[in-house]
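What follows is each chain in one-letter form.
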Amino acid sequence: MSSTTVLGRAARGTSVSTGYLAGVGTAVKFILRRNWLRLLIWAAVLAVMIPIVYGSQQEAFPTQASRDAYAQVANTPAVAAMTGLPYAAGSLGGILVIKIWMTLAVALGFASIFLVTRNGRADEETGRTELLRSAALGRHAYSVANYLVAGALSVLTGLLISLLCLGLKLPSDGSWTMGASIAGTGLAFVAISAICGQLSTTSRGANSLAVALLALFYFIRAGADLQANGTDPSALSWFSPIGWAQNMRSFGENNWWPLLALLGLAVLGCALALRLGTRRDLGSGILPERPGPATASALLANPLGLALRLQRSSLVGWFLGAVVAGLFFGSVARAMTSVLDPSNPFAKSFVGAGNDMLDGVMGIFVLFNGLLAGAFAVQALAGARSEEESGRLESQLAGSLSRFGWLWAHVLVAGIGSAVMLLVGGYLTGVSSQGAATGGAMAAASFAYWPAVLLMLGVLLFCQGFIPRPSTGIAWAVYGLSVMAAMFGGLLSLSEDVIKATPFGAVPRLAAEDFALLPLVVLGVVALVLATIGFWRFRARDLMPE
């Protein structure tokens, strides 16, 4: 049943009400109906990282001596900037926080932003909000329902994380604090994205503004940790919600009072968003739109220029991430080799087919660069489907622009952008590695993952041609499974044949393994076949807005 049909029934079956919150329960059910699978995937994927990472660290640091050695490595500016202060690095719980807390907190922040915008500003753009308000819902009901569902995702994810930590026999106070701190981060960004949705006039602008604020708060937190006195946080950390959550210090002091600040931000921020909603017309934003030029520039007069303009913010963000990751990986490579025992199974997964631990560590970091470029490529090409969903593609194709030219422009942005990311990230990994490798060698090793990235694009193009509506979700699922196999296949007892059958697992892990051309050729050919079929089908099928 389509969303329009559901909305129509809601509108016919509910009388007009002047109450601001009339029908909020109905709105919650509707939002859950549209997003239940997305919510479950986000919560499950984030939570399942806890046992995976915990299992890997048990293998890597089986004794207290090895954990104490890791604590020395973790107590470096690079680690503090990337993952936070290593305040309890000598314990299994503290190591878990270093390895995964920041990733989970930031990822949940992204999930909150995208979910609130999808059911807020984006629905205003498509006319859903106006339709619901016309008969079925009060003025604030749909917004409140949106905030409740997004908040429920944060609470559910935090609860699952705490229960999994308890199931792994970690200390109960630290387990509950860790789940609460991650959930608090998600709730804070529900409020931040709600405000951004009121300020901006478009869903793209709302997402961009909220993501920019997330990045700003992350770098404020990183700067605060670099200024810390040992493991005592700098006062600057209190200018970032991520810093508030981090200062709960799970498996350390287990402070609960910063959670009150996060909850206060969530409640007051959502209330402010509702207040701002009463001061603007439906479909408009608080911030005035800047008038554009009278005529388009030469760059925007062709599909590639337009695709670059639409992806501008995303390109800048991903490339900054590749630069930071490359510099970080190289700076800790030698230190990592000093704490990994080549005789245990986890360390052997680093070494791969070779015998040199340093080469193995560099190989893992090169794989990280490849995974980062793959995520960028999928996200960039998924923007093409967003243009079709919103209905903007129809107007673009009304003139002389062909479907092939339009889609090819988006493929070029994703493909060439990912190639540049691989080269830059690999080069910086090499030059910052203190002599462990050269920039040129690491750039070449990273570029070997480009066929795997192209295969991700091929899968997405094929799905966009035949099953466009779930295409983005399917591509992310394939990407996620390949990441799991390539990174944790050995720990999950997957056979070498199974790992090599996945896109990123098939690429030789240079420099720990010998270079092999055949897997790269096979990946490239499969990517080309899938992309060709996807292009052919896209040109023949009807457009499918959401």
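Scroll up to find the structure this text is about.
Keep in mind that what you see is a predicted model, and the values were worked out from it rather than measured. Numbering of residues starts from 1 in every chain and runs along the sequence as written. Given that this is a predicted model, residues contribute local features only at a pLDDT of at least 70 and side-chain atom pairs are listed and counted only at 80 or more, while totals for whole chains, interfaces and linings are drawn from all residues. Working from all heavy atoms in the structure, the side-chain values ignore hydrogens and water.

Caption draft 1: Here's a closer look at unusual backbone geometry. Phi is positive for F251, which is not a glycine, with a value near 65°. Only DSSP runs of H or I reaching four residues or more are called helices, and only runs of E reaching two or more are called strands; each is numbered from the N terminus. Tracing the backbone shows F251 in the loop between α11 (241–246) and α12 (257–277).

Caption draft 2: Focus on the nonpolar core. Membership of the largest hydrophobic core comes to 134 residues, with the highest contact counts inside it found for L96, W101, M178, L381 and F504. The contact partners of M178, leaving out residues within four places of it in the chain, are I50, L96, V97, I100, W101, I161, C165, S250 and F251. Put simply, buried Ala, Val, Leu, Ile, Met, Phe, Trp, Tyr and Cys residues joined by side-chain atoms within 4.5 Å make one nonpolar core. Burial classification: accessible surface area is computed with a 1.4 Å probe over protein chains only, and a residue below 20% of its type maximum counts as buried, one above 50% as exposed, and the rest as partly exposed. Residues Y70, A71, A89 and I98 belong to the second largest nonpolar core, which totals six residues. Any two residues whose heavy atoms approach within 4.5 Å at even a single point are treated as in contact.

Caption draft 3: View of the side chain of Q198. Here Q198 lies in helix α9 (residues 172–199). Residue class for Q198 comes out buried when judged on its relative accessible area of 6%. Side-chain polar atoms of Q198 contact the side chain of R280, separated by 2.6 Å. Not counting residues within four places of it along the chain, the set of residues in contact with Q198 comprises R121, Y147, A273, L276, G277, R280, G285 and I286. Contacts described as polar in this section are N or O atom pairs within 3.5 Å, which, within protein, must combine one atom able to donate a hydrogen with one able to accept it, while residues neighboring in sequence count only if both atoms come from side chains.

Caption draft 4: Spatial organisation of the pattern of salt bridges. We count a salt bridge whenever a side-chain nitrogen from Lys or Arg sits within 4 Å of a carboxyl oxygen from Asp or Glu. Applying the stated criterion across every chain, the model contains nine salt bridges. With a shortest N-O distance of 2.8 Å, E253 and R249 are connected by a salt bridge. For R249, a relative accessible area of 6% translates into the label buried. Between E388 and R541 there is a salt bridge whose closest N-O contact spans 2.7 Å. With a gap of 153 residues between them, E388 in helix α16 (residues 357–390) and R541 in the segment after α23 (517–540) connect regions that are remote in the sequence.

Caption draft 5: The side chain of S482, seen in detail. One can find S482 in helix α21 (residues 471–488). Among the residues examined, S482 registers a relative accessible area of 1% and is labelled buried. Within polar-contact distance, the side chain of S482 engages the backbone nitrogen of F504 at 3.1 Å. Apart from the residues lying within four places of it in its own chain, the contact partners of S482 are T502, P503, F504 and G505.

Caption draft 6: Up close: a nonpolar patch on the surface. Nonpolar side chains collect at one region of the surface, where F466, I467, F515, L517, V521, V525, V529, I533 and W536 lie side by side and expose about 850 Å² of accessible area between them. Ranked by residue count, the leading element in the nonpolar patch is α23, at six residues. If you trace the backbone, I467 turns up in the loop between α20 (450–466) and α21. Here, patches come from residues exposed beyond 30% relative accessible area and free of salt bridges, joined within 9 Å for like charges and within 5 Å for nonpolar side chains (Val, Leu, Ile, Met, Phe, Trp, Tyr). Accessibility throughout is a Shrake-Rupley quantity obtained with a 1.4 Å probe, and a residue counts as covered only by protein chains that appear here.

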